[in-house]
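Spelled out, the chains give:
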Amino acid sequence: MASTSQSRLVVGLVGGSHVVNHAYFMLLPPVFGPLQAELGLTDPQLGVALGLVGVVVTALQLPLGSVSDSRGRTPVLALSLFVGAAGAALTATAGSYAQLLLASVVVGVGIAGHHPAHYPLIGAATTPATRGRAYSVHGFTGAVGFAVPPAAVAAASALGLDWRLAIGAIAAVGAVYAVVAVGLLAARVDDEITGPTATDGPSGESLLVRARRELRELVSAPPIVALTVLWFVSSMAGWGIKQYTASLLTGGYPSGRRRPTPPSRRCSSRARS
């Protein structure tokens, strides 16, 4: 059983990782306008770049979950933190649509391993009496992460700085956090929390064979499939609102548009004339 200090350390590090993870998820929406102006992109093109992140994340969930169980949580978390920071840096320096798509793929790889590492780390580091609070911290920090890129881009704009500096700063902070978090997990947390918990299978089966077996087991459980479909539909609606609200509001209410005169003021003007 993990000590209280180790439990708090793990929950804190995972919470910080969740901030970084969700910040990477929200890199593009705050800079849709500048990207369209600088690279001449359309809304559908930006939608493809945004959707590509989700496709990569979805494709890597099962494989990285298996790796987390068989190879350890720290390697998966390290991969995600460092690759995610690299993806954010590529986003900040993208000078063409092709480079932006490449950045989306790298960001997706970086995001994909966070949850497969987060949940088992919290589960192993906490007791039933504290696990609920630990997962609440995890959810709270994720919500904070969603607010980081919009706030960073807004602050940069207010200071007259380029949006690329804001995204670059997020990448730099993410890289520093990766070094700190991985170092602390390796040095101060027991292997029973961060290490592997599964073998390679009854006959040393490969990762691909194991992934196929787990996928068959998943499909054979109708309640899990139904919940997965429900999650997909609700997630798609929620992410659509989160990602495109700023763009829709900007397009619907441009700063230069003149506000219509309220009817009451029009009547008062006529009466005075």
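Attention here is on the structure that accompanies the text. Please read these numbers as outputs of a predicted model, since none were measured by experiment. (Residues numbered from 1 in each chain as written. Predicted model: local features only at pLDDT ≥ 70, side-chain atom pairs only at ≥ 80, totals over all residues. Heavy atoms only, no water.)

### Digging into a nonpolar patch on the surface
Convention followed: By definition, no residue in a patch forms a salt bridge, and every one has over 30% relative accessible area; like charges are joined within 9 Å, nonpolar side chains (Val, Leu, Ile, Met, Phe, Trp, Tyr) within 5 Å. Reported accessibility uses the Shrake-Rupley method at a 1.4 Å probe radius. Residues are deemed covered only where the shown protein chains occlude them. Put simply, a salt bridge is a Lys or Arg side-chain nitrogen that is within 4 Å of an Asp or Glu carboxyl oxygen. The classification of residues rests on relative accessible area computed with a 1.4 Å probe and restricted to protein chains. Under 20% of the type maximum is buried, over 50% is exposed, and intermediate values are partly exposed.
Residues Leu62, Leu215, Leu218, Val219, Ile224, Leu227 and Leu230 make up a contiguous nonpolar surface patch of roughly 630 Å² in combined accessible area. By relative accessible area, which is 34% here, Leu218 ends up partly exposed.

### Overview of the nonpolar core
Just so we agree on the cut-off: Residues belong to one nonpolar core when they are buried, are Ala, Val, Leu, Ile, Met, Phe, Trp, Tyr or Cys, and are joined through side-chain atoms within 4.5 Å. Helix and strand labels come from DSSP, where a helix needs a run of H or I of at least four residues and a strand needs a run of E of at least two; each type is numbered from the N terminus. Contacts between residues were defined by any pair of non-hydrogen atoms, one from each residue, lying within 4.5 Å.
Membership of the largest hydrophobic core comes to 52 residues, with the highest contact counts inside it found for Val10, Tyr24, Leu35, Leu81 and Leu100. If you tally residues by element for this core, the top one is helix α8 (residues 163-188), at 10 residues. Non-local contacts of Val10, meaning those with residues more than four positions away in its chain, are made with Leu121, Ala125, Leu185, Val189 and Ile193.

### Some thoughts on the packing of helix α5 (residues 97-112) against helix α6 (residues 114-125)
Defined as follows: A fitted line through C-alpha atoms serves as each axis, taken over the contacting stretch for helices, and the angle formed by two N-to-C directions is quoted from 0 to 180°. Oblique is the label for any angle not covered by the other classes, which are roughly parallel (under 35 degrees), roughly antiparallel (over 145) and roughly perpendicular (65 to 115). Each residue gets one label: Ala, Val, Leu, Ile, Met, Phe, Trp, Tyr, Cys and Pro are nonpolar, Asp, Glu, Lys and Arg are charged, and the others, such as Gly, are polar.
Running from N to C, α5 and α6 point in directions that differ by 15°, and their axes come no closer than 5 Å. Relative to α6, the element α5 lies roughly parallel. Contacts between α5 and α6 involve Gly110, Ile111 and Ala112 from the first element and His114, His115 and Pro116 from the second. Here the residues of the contact of α5 with α6 are counted per class, giving 3 nonpolar, 3 polar and no charged.

### A look at the environment of Gly12
Inspection of the secondary structure puts Gly12 in helix α1 (residues 4-25). As for Gly12 and Ile122, which are separated by 110 residues in sequence, their C-alpha atoms are 9.8 Å apart.

### Side note on the side chain of Thr141
Residue position: Thr141 is located in helix α7 (residues 131-158). Relative accessible area serves as the criterion here: at 12%, Thr141 is assigned to the buried category. Ignoring any residue separated from it by four or fewer positions in sequence, one finds Thr141 in contact with Gly15, His18 and Val19.

### So, the side chain of Ser7
With respect to the helices, strands and loops of the structure, Ser7 is situated in helix α1. For Ser7, a relative accessible area of 13% gives the class buried. If sequence neighbours within four positions are ignored, Ser7 has contacts with Ala125 and Thr126.

### Let's talk about the packing of aromatic side chains
One pair of aromatic rings is described through two measures. These are the centre distance and the angle between the planes. Here is the rule: Only centres within 6.5 Å qualify two rings of Phe, Tyr or Trp (six-membered ring in Trp) as a pair; their planes then separate them into stacked at under 30 degrees, edge-to-face at over 60, and tilted for everything else.
Overall, the coordinates contain 1 aromatic pair when judged by the stated rule. A ring pair is formed by Tyr119 and Tyr135, whose centres lie 5.9 Å apart and whose planes are at 40°; its orientation type is tilted. Taken as a pair, Tyr119 in helix α6 and Tyr135 in helix α7 lie far apart in primary sequence, 16 residues in all. Tyr119 gets classed as partly exposed once you look at its relative accessible area, which sits at 38%. Residue class for Tyr135 comes out partly exposed when judged on its relative accessible area of 31%.

### With respect to the environment of His114
Take His114: it is sitting in helix α6. Residue classification places His114 among the buried positions, given a relative accessible area of 0%. For the pair formed by His114 and Leu64, sequence separation is 50 residues and the distance between their alpha carbons is 9.2 Å. When sequence neighbours within four positions are dropped, the list of residues in contact with His114 reads Ser17, Asn21, Leu77, Ser80 and Leu81.

These figures capture arrangement, not role.
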